[in-house]
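# Chain and residue survey
The primary structure of each chain is shown beneath.
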Amino acid sequence: MYEADGMDPISLRVNNGAASANVWPSAAVSSSTSSPASSCDLGDGAWEEEPAWPLYETDACPLARETSKCSKYGRPDKGFAKLRWKLHERVSPSGNGDAEGVSRTGSCSGGIPKVTRANLCERVANRRIAFVGDSLSQNMFESLACMAYAFEGMPIVKLNSLRDRIYYWPKCNFTLGILFHQFLSHVAWNKIHVSDGGTIHVDQPAKGWMDQSANFDTFVINSGLWWTTSQLGFYNITLAPPYTHTDILTAYHAALNSTLSAFREEAFAGKRVIVTTTMPSHKDANQSCPSTLPIHPSNSAGLEDVRARPIQERNVILTEAVQHSIVEQKRRSRKDGSTGTGMQQQQGMVGARISLLDMHNVTLSRQDGHPGRYTPGSHPDCIHYCLPGVPDSWNELLLWRLEAEGG
C-alpha cells in the first residue's frame, strides 16, 4: 500500500568500460495510436546511454518528493539515470528514405528531440499542462518540474495543497500542475482523512480537478493504481451502485468514460487530453525489485516472467480499457460535431482532442528504474520510479507528441 504517500505535500553499472554504449531495445512490439503521429511506433526503440543525462539532481530539486530521491537514500549505482529512450532508425526495404537511406515516415521524422537547457523554455513556452490522476502522475509531474527548475530556476507557486500543486515559470510563460485525484471520479469521503473510507461515484468526474481545468490547456491523465480490491478494501472505499468490488475494472472503465465525456463539452474546445497507459511495476515474488540493470531483450525468459505477473496482466486489461474509452469518445465526439456549427463541423468533433500515449510498453524492460529499498518508506517501492530516471523519457515523449500534433 504505497499510494497513500502520494498525498504528502512538498515540505552505475553503465558500459562497464566497453567501447560502445549499452543499448537496451524495447520489450514491446508496438505502441502506435490512431492519432496523427500513429505512423511512429514508440515501442520500436532502445534505452541508450545519454552522456548529457541526468538533466538534474533530485537532491538539489525542492519540487520532488523524498520518495523519488533514490540516490539520497543510499542507491549506489547511477546508470538508471543515464538511460534515454531513442527510436530506432529503420532502412526502408524499398530503398526509399532520406539521404542516408533511412526511412523516417510521418511524425517520427528526426526522432524524439532531446530536452536541453537551451531548448526547454522554448518547448514549454505558453503551455499550461496539468497531470491528473494518481502518484504515477505525480512521478511524471515532478520529473518535468525538476527539469524546469534545473534550467529556469524556482517557479512562482500558485497552489501547494495536500492534493494539488501548480507552478508558474514567468520567463517561459509555462504553467505546470498536478491535480491528485487517484480515481478521477468524485469520492464522497466519510471524513477528511483517506483512511476513513468513502464511496466512488464513477458517473461524476472529481469536482476538485474539474474546478481547476480552466487554468490549463493540456491534460495528461493517468489512473489505475488504486483500482484493486486490496487498495479499496484497505482504505474502506466502496463503489456506488450498480458496481461492487467484484467488477472493479468495469467500474474503472466507467470512470474513465465519464472523465473523457466531460472533456467533450464545448468549454474544452481547442484543448488537449493525453491518456497514458499504466506504467509497469516490477515487483517480484519477494515483493521487491533489486535489479540494477534493465531486462535485455535477449533474456526472453525474463521478459515473459514480467509479462506473466498478475499485476502486469491487470495492466494489460487497464490499457485495453483506456484504448476502448478513447475510441468510444472519439466516435461520440465526431457524432456531436456533425450537429455543431462553424469550426466544430469543420473539425468533425467538439470538445478537447483526446489521444493515447502508450508508455507501458516502452517501460516494460526498466526493472532497474524503481526506488526499491532506497526510499524513506518501510517497504520496497516497486511501483514508482527514481528521479532522475525513466520519467524523464516519458516527458520527452509527451513534449514530442504535443509538438508533432501541433498541440
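As a reminder, the structure under discussion sits directly above these lines.
This is a predicted model, so every value here is computed, not measured.

### Some remarks on the overall build of the protein chain
Each helix and strand in the protein chain was counted, giving ten helices and 15 strands. Counting every position in the protein chain, which comprises 407 residues, the buried fraction comes to 56%. Carbon and sulfur atoms provide 52% of the accessible area of the protein chain, an area that totals close to 16800 Å².

### Here we look at the sheet that holds strand β15 (residues 353-357)
With mixed pairing, seven strands are arranged side by side in an open sheet as β7-β8-β9-β6-β12-β14-β15. Two strands close off the open sheet at either side, each with one partner strand: β7 (156-160) and β15. Strand after strand, the sheet turns through a mean of 15 degrees between neighbouring axes, direction not considered. Strand direction decides the pairing type here: strand β12 (residues 218-222) and strand β14 (residues 272-276), joined by four bridges, are parallel. Opposite Ile221, over in β14, you have Val275 as the bridge partner. Against the sheet, helix α2 (residues 135-152) engages β6 (128-133), β8 (164-169), β9 (174-180) and β12, with an angle of about 155 degrees to β9.

### A short note on the nonpolar core
Formed by 90 residues in total, the largest nonpolar core has its most connected members in Phe131 and Trp227. Examining the composition of this core, we find that nine residues originate from one element, α2, more than from any other. Among the nonpolar cores identified, the runner-up in size contains five residues, and Cys70, Phe80, Tyr374 and Cys386 belong to it.

### Brief notes about the packing of α2 against helix α10 (residues 390-404)
Look at α2 against α10: their axes get within 9 Å of each other, and the N-to-C directions meet at 80 degrees. Here α10 runs roughly perpendicular to α2, going by the angle between their axes. Along its contact with α2, which presents Leu136, Asn139, Met140, Ser143, Leu144 and Met147, the element α10 presents Pro391, Asp392, Trp394, Asn395 and Leu398. Residues belonging to the contact of α2 with α10 are distributed by class as follows: seven nonpolar, three polar and one charged.

### Brief notes about the state of the cysteines
Scanning the model with the defined rule gives four disulfides in all. Cys121 shares a disulfide with Cys172; S-S distance 2.1 Å. Taking the sign of the torsion about the S-S bond as the criterion, the disulfide between Cys121 and Cys172, at about -125 degrees, is left-handed. You can see Cys121 sitting in helix α1 (residues 120-124) and its partner Cys172 sitting in the loop between β8 and β9, a full 51 residues away along the chain. Cys121 gets classed as buried once you look at its relative accessible area, which sits at 14%.

### Details of the sheet that holds strand β11 (residues 198-205)
Pairing between the strands of a sheet comes from backbone hydrogen bonds, and it takes one of two forms, parallel or antiparallel. The strand order β10-β11-β13 describes an open sheet built from three strands, whose pairing is mixed. Strand pairing shows two members of the sheet lacking a second neighbour, β10 (185-189) and β13 (237-239), which therefore form its edges. Each strand axis lies, on average, 35 degrees off the axis of its neighbour in the sheet, ignoring direction. By the bridge criterion, five bridges tie β10 to β11 in an arrangement that is antiparallel. When the bridges of β11 are listed, Ala188 appears paired with Thr199. Docked against the sheet, helix α5 (residues 248-262) engages β10, β11 and β13, running at close to 45 degrees with respect to β11.

### Quick notes on helix α6 (residues 300-308)
When α6 is considered as a whole, its buried residues turn out to be Gly302, Leu303 and Val306. Buried residues along α6 cover an arc of 100 degrees about the axis, so they all sit on one side.

### Side note on the environment of Val273
Looking at the secondary structure, you find Val273 in strand β14. The exposure class of Val273 is buried, given its relative accessible area of 0%. Along the backbone, Val273 and Ala352 are 79 residues apart, and their C-alpha atoms lie at a distance of 6.4 Å. Residues contacting Val273, with those up to four places away along its chain left out, are Phe219, Ile221, Leu260, Phe263, Ala352, Arg353, Ile354 and Ser355.

About the thresholds
Residues numbered from 1 in each chain as written. Predicted model: local features only at pLDDT ≥ 70, side-chain atom pairs only at ≥ 80, totals over all residues. Heavy atoms only, no water. Helix = DSSP H or I, 4+ residues; strand = E, 2+ residues; numbered from the N terminus. Buried < 20%, exposed > 50% of the residue type's maximum accessible area, 1.4 Å probe, protein only. Areas by Shrake-Rupley, 256 points an atom, 1.4 Å probe, with all protein chains shown as cover. Pairing = 2+ DSSP bridges. Axes fitted to C-alpha atoms, helices over the stretch in contact; angles between N-to-C directions. Contact = heavy atoms within 4.5 Å. Core = buried A, V, L, I, M, F, W, Y, C linked by side-chain atoms within 4.5 Å. Parallel < 35°, antiparallel > 145°, perpendicular 65-115°, else oblique. Nonpolar A, V, L, I, M, F, W, Y, C, P; charged D, E, K, R; others polar. Disulfide = S-S within 2.5 Å. Arc of directions from axis to C-beta.

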